[in-house]
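Descriptive analysis of the structure
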Amino acid sequence: MTKIHEQLYHKGREIFDVVKRISDLIPEDDTPLQSVKEFMQSDALLLSVKVKGVEETDLYDLNMEAATIIRKAARDLMIQNHTLKMFGFKYVDYFDIVRELIEEYRLLFIQWVTTFDPWNYVTDRWGLFNPPGVGPNGPYSGEDLPDLDG
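Just so it is clear, the model here is predicted, and its values are computed rather than measured.

**Remarks on the overall build of the chain**
Across its full length, the chain carries five helices and zero strands. Along the chain, helices and strands appear, N-terminal first, in the series α-α-α-α-α. Looking at the 150 residues of the chain, the share that counts as buried comes to 38%. Put simply, 63% of the contacts in the chain that link residues at least 6 apart link residues at least 24 apart. Element-wise, carbon and sulfur atoms account for 54% of the exposed surface of the chain, whose accessible area totals about 9,200 Å². The centroid of the 16 positive side-chain charges in the chain is displaced by 7 Å from the centroid of its 26 negative side-chain charges.

**Topic: helix α3 (residues 60-78)**
Counted at 1.5 Å a residue, the expected span for α3 with its 19 residues is 27 Å, and the 26 Å between its end C-alpha atoms agrees. Within α3 the residues assigned to the buried category are Tyr60, Asp61, Asn63, Ala66, Ala67, Ile70, Ala73, Ala74 and Leu77. Among the structural elements, α1 (3-23), α2 (31-53), α4 (80-86) and α5 (95-113) are those in contact with the buried residues of α3.

**Considering the packing of α3 against α5**
Viewed as axis vectors pointing N to C, α3 and α5 meet at an angle of 160°, and their least axial separation amounts to 10 Å. Classified by the angle their axes make, α3 and α5 are roughly antiparallel. The two elements α3 and α5 meet at a crossing, and its hand is left-handed. Taking contact as the criterion, the partners of Asn63, Ala67, Ile70, Arg71, Ala74, Leu77 and Met78 in α3 are, on α5, Phe95, Val98, Arg99, Ile102, Tyr105, Phe109, Trp112 and Val113. Looking at the contact of α3 with α5 residue by residue, the classes come out as 12 nonpolar, one polar and two charged.

**Some thoughts on the nonpolar core**
Core analysis: the largest hydrophobic core is formed by 37 residues, its most contacted members being Ile15, Leu47, Leu77, Leu84, Val98, Tyr105 and Trp112. If you list the elements that add at least two residues to this core, you get α1, α2, α3 and α5. Leu84 has contacts with Ile26, Leu33, Val36, Met40, Phe89, Val92 and Phe95, leaving out every residue within four places of it along the chain.

**A word on α1**
With 21 residues, α1 ought to run about 30 Å at 1.5 Å a step, and its terminal C-alpha atoms sit 30 Å apart, in line with that. For α1, the complete set of buried residues consists of Ile4, His5, Leu8, Tyr9, Lys11, Gly12, Ile15, Phe16, Val18, Val19, Ile22 and Ser23. Contacts from the buried residues of α1 go to α2, α3 and α5.

**Points about the packing of aromatic side chains**
Using the criterion set out here, one finds five aromatic pairs in the structure. A ring pair is formed by Phe89 and Tyr91, whose centres lie 5.9 Å apart and whose planes are at 75°; its orientation type is edge-to-face. Take Phe89: its relative accessible area is 6%, and that puts it in the buried class. For Tyr91, a relative accessible area of 30% translates into the label partly exposed. Considering the side-chain rings of Trp119 and Tyr121, the 6.4 Å spacing of their centres and the 70° angle between planes classify their relative orientation as edge-to-face. With relative accessibility at 55%, the residue Trp119 sits in the exposed group. Over the aromatic face of Tyr9 sits the side chain of Lys52, whose NZ or CZ is 5.3 Å from the ring centroid.

Rules of the game
- Residues numbered from 1 in each chain as written.
- Predicted model: local features only at pLDDT ≥ 70, side-chain atom pairs only at ≥ 80, totals over all residues.
- Heavy atoms only, no water.
- Helix = DSSP H or I, 4+ residues; strand = E, 2+ residues; numbered from the N terminus.
- Buried < 20%, exposed > 50% of the residue type's maximum accessible area, 1.4 Å probe, protein only.
- Contact = heavy atoms within 4.5 Å.
- Areas by Shrake-Rupley, 256 points an atom, 1.4 Å probe, with all protein chains shown as cover.
- Lys, Arg positive; Asp, Glu negative; His and termini not counted.
- Charge placed at Lys NZ, Arg CZ, Asp CG, Glu CD.
- Expected span 1.5 Å × (residues − 1).
- Axes fitted to C-alpha atoms, helices over the stretch in contact; angles between N-to-C directions.
- Parallel < 35°, antiparallel > 145°, perpendicular 65-115°, else oblique.
- Left-handed = near helix turned anticlockwise from the far one by under 90°.
- Nonpolar A, V, L, I, M, F, W, Y, C, P; charged D, E, K, R; others polar.
- Core = buried A, V, L, I, M, F, W, Y, C linked by side-chain atoms within 4.5 Å.
- Phe/Tyr/Trp six-rings, centres within 6.5 Å; stacked < 30°, edge-to-face > 60°.
- Lys NZ or Arg CZ within 6 Å of the ring centre and 35° of its normal.

Next up, the structure:
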């Protein structure tokens, strides 16, 4: 695991821990806020799980897929304070801590993405995570890969 990979993973764990502490303040009998709690904890967990999941691969397409999921989870988590406020969560101001941590995470994330090697890839037949100039019908990086179109 590279240093930036490790830093990103640990910052993700820190965010999860803070989200867990804040969301544990949600009353158990408040059904709408309990749903928000589940979404928040799930999004927060993805920030470290997806980083850990790709630590052993250096394939561009897999790293980009994980990065996309992480970005969505972080952005969704970033705006949960609005939902908490809408449902009357008493301690919504604590969520500012999460927002500050996500900003720190975002800066590490930017550095992490620059470590991806765009020329170490398997063609993404869906066309989303190929390096620049490689289309969905581009060459695989290996000749013995199965036909994913059939």
